[in-house]
Amino acid sequence: MPEVKIEIFDDISPGTFKQVKHLTDELPDGSIVNLLISSYGGEILPTISIIETLKRFHTKADVIGFACSSAAILAISCEECTMSENSSMLLHSAWSDETDEEDPGIKRCNDLQLSIIKKRCPDFDSKLLKKDTWLSADDCLLMHLVDNIYINDAIDYAALCKRYAAKLSNYFI
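Because the structure is predicted, anything quoted here is derived from the model rather than measured. (Residues numbered from 1 in each chain as written. Predicted model: local features only at pLDDT ≥ 70, side-chain atom pairs only at ≥ 80, totals over all residues. Heavy atoms only, no water.)

Participant: Can you explain the environment of Asn86? Please cite residues and give values.
Facilitator: By the secondary structure assignment, Asn86 is in the loop between strand 4 (80-84) and strand 5 (88-91). Residue Asn86 is classed as exposed on the basis of its relative accessible area of 65%. Separated by 23 residues in the primary sequence, Asn86 and Val63 place their C-alpha atoms 9.9 Å from one another. (Helix = DSSP H or I, 4+ residues; strand = E, 2+ residues; numbered from the N terminus. Buried < 20%, exposed > 50% of the residue type's maximum accessible area, 1.4 Å probe, protein only.)

Participant: If you had to explain unusual backbone geometry to someone new, which residues and values would you point to?
Facilitator: One non-glycine residue with positive phi stands out, namely Ser69, at about 55°. Even without being glycine, His144 reaches a positive phi, approximately 70°. The topology assignment puts His144 in the loop between helix 5 (137-142) and strand 7 (148-151). A residue is classified by how much of its surface remains accessible, and His144, at 13% relative accessible area, is buried.

Participant: Can you break down the pairing of strand 2 (residues 32-39) residue by residue, with the values?
Facilitator: Across the eight residues that make up strand 2, a large majority, eight, are buried. The two faces of strand 2 match: Ile32, Asn34, Leu36 and Ser38 on one face and Val33, Leu35, Ile37 and Ser39 on the other face are all buried. Regarding topology, helix 1 (residues 14-24) serves as the crossover connection from strand 1 (residues 3-8) to the parallel strand 2, and that connection is right-handed. Taken together, the seven bridges between strand 2 and strand 3 (residues 58-68) define a ladder with parallel strand orientation. (Right-handed = clockwise from strand over helix to strand, strands pointing away. Pairing = 2+ DSSP bridges.)

Participant: Lay out the nonpolar core with the relevant residues and their values.
Facilitator: For soluble globular proteins, nonpolar side chains are generally found buried alongside one another. Among the nonpolar cores identified, the biggest contains 46 residues, and Ile37, Met89, Leu91 and Leu145 are the most heavily contacted of them. By residue number, the principal contributor to this core is helix 3 (residues 70-77), which donates six residues. Leaving out residues up to four positions away in the same chain, Ile37 has contacts with Ile8, Phe9, Ala61, Asp62, Val63, Ile64, Phe66, Ala67, Ala71, Leu74 and Ala75. (Core = buried A, V, L, I, M, F, W, Y, C linked by side-chain atoms within 4.5 Å. Contact = heavy atoms within 4.5 Å.)

Participant: Describe the pattern of salt bridges, naming the residues involved and giving the relevant values.
Facilitator: If you walk through the whole model with that rule in mind, you get four salt bridges. In this structure, Arg56 and Asp29 form a salt bridge, with 2.5 Å as the shortest nitrogen-oxygen distance. With Arg56 in the loop between helix 2 (44-53) and strand 3 and Asp29 in the loop between helix 1 and strand 2, this residue pair connects regions lying 27 residues apart in the sequence. Relative accessible area serves as the criterion here: at 53%, Asp29 is assigned to the exposed category. The closest approach of N and O atoms between Arg120 and Asp147, which form a salt bridge, is 3.1 Å. Taken together, the positions of Arg120 in helix 4 (residues 104-120) and Asp147 in the loop between helix 5 and strand 7 put the pair 27 residues apart, joining distant regions of the chain. The pair Arg120 / Asp147 is uniform in exposure class, with both members buried. (Salt bridge = Lys/Arg side-chain N within 4 Å of Asp/Glu carboxyl O.)

Participant: Residues and numbers for helix 4, please.
Facilitator: For helix 4, with 17 residues, the first-to-last C-alpha span of 25 Å sits near the 24 Å given by 1.5 Å per residue. Of all the residues in helix 4, the buried ones are Ile106, Cys109, Asn110, Gln113, Leu114, Ile116, Ile117 and Arg120. Projected onto a plane normal to the axis of helix 4, the buried residues spread over an arc of 160° and lie on a single side. Projecting away from the buried face of helix 4 at angles above 90 degrees are the exposed residues Pro104, Arg108 and Lys119. Summarising the contacts, the buried residues of helix 4 are in contact with helix 2, helix 3, strand 4 and strand 5. Between the side-chain oxygen of the N-cap and the backbone nitrogen of Gly105 there are 2.9 Å, and the N-cap of helix 4 in question is Asp103. (Expected span 1.5 Å × (residues − 1). Arc of directions from axis to C-beta. Polar contact = N/O pair within 3.5 Å; in protein donor to acceptor, adjacent residues only side chain to side chain.)

This is the structure we're talking about:
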């Protein structure tokens, strides 16, 4: 199956969406798209467009350093998501300089973000989006926002065991 690597190392914008679309236009459905992410985030609407564009592929995200704001949402939306051991994610609500959280557009963006997060973490507390919430790779693993943590380009098998134990504990609570 064809595979493409896409680096998201800048702010996410309509230009980022165009770049992703261009790189995936000729790929057959089911191809593998590997996203390398180290980004402060950016605009949520182009991020949602990227997520929708990638739905016909098998998506993998690798957070190297940080995935903030909409970059975190993009990483979380992928079928597989890994983080390096010293990486961080930043989650928060959508915002605009001219609106508040009750604005219908902001509310819709927050609903979309929450929907994406809850696919991985059904028990996610939406109050965490009310402020800047910084999460370590371990935090993300325990919350099931990522699948694995890797150390020096190798999967951390201790982290895999921790995730498995966390899943088991949900069955026995």
